[in-house]
Amino acid sequence: MTPLPDDVAPQAGVGHEDPVAIRISNLWRRYGAVEAVRGLTFDVGQGEIFGLIGPDGAGKTSTFQVLAGVMEASSGTAEIFGRPAREARANTGYLTQTFSLYPDLTVRENLRYIGDLRAVTRGEIDRRAHRYLQMFDIDRFIDRLAGKLSGGMKQKLALVCALVPEPRVLLLDEPTTGVDPVSRREFWDALAHLAADDLTILVATPYLDEAERCHRVALIYAGAIQQIGTPTELRGSLGATRLEVRTSPLGAAEQILAGMSGSDGDFIDVQRFGDRLDVLVRDPVRAESLVRDRLRASGVQVEEIRVDQPLLENTFVARLRALGEQVRHPPFPGRHDHQVLRGQVAIGATNLVKEFGSFRAVNTVSVQVRYGEVYGLLGATGAG
């Protein structure tokens with residue numbers, strides 16, 4: 001693979017004139033001999049949505065816990081509006097990866113409990129809770145037990161609880177993992193409104209489409225920042241165009257094209273995403289012709305090639321590879337001969353009903369999924 005250019009080195013600073021809300025300087029966090037966070041340095045401006053992107057074990061959660069005042073740094077500094085993070089906890093809201101509220105309390109009771117802990121008056125708790133519950137369209141569930149909420153509703157409730165004390169900084173550690181696409185969009189629309197009101201948001205996310213909505217993004221790997229910039233800056237750092245190649249067999253095509261990476265400077269990288277290959281190239285016209293010729297000569301049929309701009313995912317994978325990380329892919333499923341089963345029902349239900357007490361979650365649903373079908377169930381959180 002062609003090395004990444006030198007102009008994608010890590011950067012510090014918020015990149016604008018807004019006051020600094022979060023300042024991390026040479027932050028280290030060690031667990032015995034394990035160095036989870038290694039010399040992090042970056043600033044986040046007031047009202048900025050700043051994303052941390054990295055694989056499992058990159059150091060994101062440890063960084064959040066230091067900023068939330070949950071644990072002390074091994075060395076270095078972490079400040080919230082100029083104060084040590086541990087002393088600024090009253091100004092910080094923290095949403096962890098796991099649901100940390102009380103399932104046997106109602107939505108209202110959870111909100112009042114959290115508000116009482118943060119010394120918010122009862123009238124203010126109710127006023128703020130009403131505002132944020134309406135923002136997330138869950139105000140009608142205020143008397144439901146938290147344990148009986150859907151996954152998306154639980155995350156929304158956890159965020160409302162974090163907002164009731166009206167913090168100045170909000171730390172969100174993968175807040176939408178397992179949440180349906182409709183709720184994820186609503187979640188991020190609300191974050192945009194909150195940031196517009198000068199709330200500073202630091203968010204870790206495994207979803208690169210969410211990272212695109214951040215003002216700036218930091219790629220973190222092995223406890224260290226590798227790149228910082230706007231999504232546009234990070235995508236542009238590759239200096240490449242993306243060829244989206246769909247072909248079968250995919251594995252053979254990947255091996256053939258990977259062997260061409262770096263040849264004459266035409267090919268930068270070949271990356272697999274599900275049922276397609278993303279080929280990062282410098283000259284898309286010349287490279288597309290080379291791809292078609294090479295695959296045809298190897299007996300591999302090209303179904304489609306689309307020319308587009310690189311995705312943030314491409315930058316992330318290319319950076320990991322430049323660091324020597326092997327990006328592993330599960331084998332793509334092989335083809336199975338289901339011709340003799342065509343038309344037969346593989347999964348079926350007739351007049352299916354599921355109730356939780358007096359609440360009916362599934363209402364006389366009938367469905368038939370036949371062999372060879374890809375069958376989708378679409379619906380918002382709580383649809384059943």
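All chains use their own residue numbering, which begins from 1 and follows the written sequence. Reporting in this predicted model follows two pLDDT cut-offs: at least 70 for local features of residues, and 80 or more for side-chain atom pairs to be given and counted; totals over whole chains, interfaces and linings ignore these cut-offs and use all residues. Side-chain numbers come from the whole structure's heavy atoms, not from hydrogens or water.

1. Looking at the overall build of the protein chain
Item 1. To qualify as a helix, a DSSP run of H or I must reach at least 4 residues; to qualify as a strand, a run of E must reach at least 2; elements of each kind are numbered from the N terminus. Counting its regular elements, the protein chain contains 10 helices and 16 strands.
Item 2. Along the three orthogonal principal directions, the C-alpha set of the protein chain runs to about 75 × 60 × 40 Å.
Item 3. Buried means the residue's accessible area, taken with a 1.4 Å probe over protein chains only, is under 20% of the maximum for its type, while exposed means over 50%, and partly exposed covers the values in between. Evaluated residue by residue, the protein chain yields a buried proportion of 44% over its 384 residues.
Item 4. Areas reported here follow the Shrake-Rupley algorithm with a probe of radius 1.4 Å; residue values treat only the protein chains shown as occluding. For the protein chain, the accessible surface area stands at approximately 19300 Å², while carbon and sulfur atoms represent 49% of it.
Item 5. Here the protein chain contributes 44 positively and 49 negatively charged side chains, and the mean placements of these two sets differ by 4 Å. Asp and Glu count as negative and Lys and Arg as positive, but His and the ends of the chain are not part of the count. Charged side chains are reduced to one point each, which is NZ for Lys, CZ for Arg, CG for Asp and CD for Glu.

2. Description of helix 4 (residues 151–163)
Item 1. In this analysis, the expected span of each helix is defined as 1.5 Å times one less than the number of residues it contains. End to end, helix 4 covers 19 Å across 13 residues, agreeing with the expected 18 Å (1.5 Å per residue, within 8%).
Item 2. Buried residues dominate helix 4, accounting for 11 of its 13 residues.
Item 3. Along helix 4, the residues that are buried comprise Gly152, Met153, Gln155, Lys156, Leu157, Ala158, Leu159, Val160, Cys161, Ala162 and Leu163.
Item 4. Where helix 4 is buried, its residues meet strand 6 (92–95), helix 2 (107–117), helix 3 (122–135), strand 7 (169–173) and helix 5 (181–196). Note on contacts: a residue pair is in contact if any heavy atoms of the two residues lie within 4.5 Å.

3. Re the confidence of the model for the protein chain
Item 1. pLDDT runs from 0 to 100 and stands for how confident the predictor is about each residue. Confidence in the prediction of the protein chain, expressed as mean pLDDT, is 86, and 90% of residues score 70 or more.
Item 2. Ignoring residues within four places in sequence, the model shows residues 1–13, a span with pLDDT below 50, making 29 contacts including any to other chains.

4. Considering the pattern of salt bridges
Item 1. Salt bridges are defined as contacts in which a side-chain nitrogen from Lys or Arg sits within 4 Å of a carboxyl oxygen from Asp or Glu. Following the criterion strictly, the structure yields 31 salt bridges and no others.
Item 2. One salt bridge connects Arg108 with Asp143, and the closest N-O pair in it is separated by 3.1 Å. One end of the pair, Arg108, is in helix 2; the other, Asp143, is in the loop between helix 3 and helix 4, and 35 residues separate them in sequence.
Item 3. Classification of Asp143 by relative accessible area gives exposed; the value is 54%.
Item 4. We note a salt bridge from Asp189 to Arg213, for which the minimum N-O separation is 2.9 Å. Separated by 24 residues along the polypeptide, Asp189 in helix 5 and Arg213 in the loop between helix 6 (208–211) and strand 9 (216–221) bring together distant segments of the chain.

5. Structural notes on the pairing of strand 16 (residues 359–370)
Item 1. Sheet topology note: the strand 15 (residues 345–356)/strand 16 ladder contains 8 bridges and is antiparallel. Paired with Ile347 across the strands is Val369, a residue of strand 16. A strand pair is defined by DSSP finding two or more bridges across the two strands.

6. A few points about the packing of aromatic side chains
Item 1. Aromatic pairs are defined between Phe, Tyr and Trp rings, using the six-membered ring for Trp, whenever the two ring centres lie within 6.5 Å; interplanar angles under 30 degrees are classed as stacked, those over 60 as edge-to-face, and all others as tilted. What the rule picks out here adds up to 3 aromatic pairs.
Item 2. Seen in terms of ring centroids, Phe42 and Phe50 are 5.1 Å apart; in terms of plane orientation they differ by 0°. Their pairing is stacked.
Item 3. Overall, Phe42 belongs to the buried group, its relative accessible area being 1%.
Item 4. Given a relative accessible area of 0%, Phe50 falls into the buried group.
Item 5. Note on Phe136 and Phe187: the rings are 6.1 Å apart at their centroids and 45° apart in plane angle, and the pair reads as tilted. Of the two residues, Phe136 sits in the loop between helix 3 and helix 4 while Phe187 sits in helix 5, which places them 51 residues apart along the sequence. As far as burial versus exposure is concerned, Phe136 and Phe187 are alike and both buried.
Item 6. Directly above the aromatic system of Phe359 lies the positively charged group of Arg144, at a separation of 4.4 Å from the ring centroid.
Item 7. Only when the NZ atom of a Lys or the CZ atom of an Arg is both within 6 Å of the ring centre and within 35 degrees of the ring normal do we say a charge sits over the ring. In this structure, Arg184 is placed above the aromatic ring of Tyr207, and the distance from its NZ or CZ to the ring centre is 4.1 Å.

7. Thoughts on the nonpolar core
Item 1. Among the buried residues, those of types Ala, Val, Leu, Ile, Met, Phe, Trp, Tyr and Cys that are joined through side-chain atoms within 4.5 Å form a nonpolar core. Counting residues in hydrophobic clusters, the biggest one holds 47 residues, and the most contacted among them are Leu111, Leu159, Leu170, Leu172, Leu191 and Ile201.
Item 2. In terms of residue count, the dominant contributor to this core is helix 4 (8 residues).
Item 3. Setting aside chain neighbours within four positions, we find Leu159 in contact with Leu95, Phe136, Leu170, Leu172, Phe187 and Leu191.
Item 4. Counting residues in hydrophobic clusters, the runner-up holds 29 residues, among them Leu67, Ile80, Ile220 and Ile225.

8. Regarding the packing of helix 2 against helix 3
Two quantities define a packed helix pair, namely the angle between the axes and the distance from one axis to the other.
Item 1. Only the stretch in contact is used when fitting a helix axis, every axis being a line fitted to C-alpha atoms; angles between N-to-C directions are given from 0 to 180 degrees. Closest axis-to-axis distance for the helix 2/helix 3 pair is 10 Å, and the angle between their directions is 130°. It follows that helix 2 is oblique to helix 3 by the angle criterion. Every pair of crossing elements has a handedness; the one defined by helix 2 and helix 3 is right-handed. Where helix 2 approaches helix 3, its residues Val107, Leu111, Arg112, Gly115 and Asp116 are matched on the opposing element by Arg122, Ile125, Asp126, Ala129 and Leu133.
Item 2. In the scheme used here, Gly and all other residues not listed as nonpolar or charged are polar, with Ala, Val, Leu, Ile, Met, Phe, Trp, Tyr, Cys and Pro taken as nonpolar and Asp, Glu, Lys and Arg as charged. Class assignment for the residues of the contact of helix 2 with helix 3 results in 5 nonpolar, 1 polar and 4 charged. Just so you know how the angles are binned, under 35 degrees is roughly parallel, over 145 roughly antiparallel, 65 to 115 roughly perpendicular, and the rest oblique. With the far helix as reference, a near helix turned anticlockwise by less than a right angle produces a left-handed crossing, and one turned clockwise produces a right-handed crossing.

9. Description of unusual backbone geometry
Item 1. Looking along the chain, the bond that leaves Ser248 and enters Pro249 is cis, with omega of 5°.
Item 2. Mapping Pro249 onto the fold places it in the loop between strand 11 (241–248) and helix 8 (250–258).
Item 3. Here the phi dihedral of Glu166 falls at roughly 55°; this positive angle occurs in a residue that is not glycine.
Item 4. Structurally, Glu166 can be placed in the loop between helix 4 and strand 7.
Item 5. Using a relative accessible area of 35% as the deciding quantity, one classes Glu166 as partly exposed.

10. Side note on the pairing of strand 8 (residues 200–204)
Item 1. Judged by how many residues are buried, strand 8 sits mostly within the fold: 5 of 5 residues are covered.
Item 2. Here strand 8 shows no split at all, with Thr200, Leu202 and Ala204 on one side and Ile201 and Val203 on the other all buried.
Item 3. Taken together, the 4 bridges between strand 3 (residues 49–53) and strand 8 define a ladder with parallel strand orientation. Within strand 8, the position partnered with Gly51 by the bridge is Val203.
Item 4. Examined bridge by bridge, strand 7 and strand 8 share 5 bridges and lie parallel to one another. Directly across from Leu172, in strand 8, lies its bridge partner Val203.

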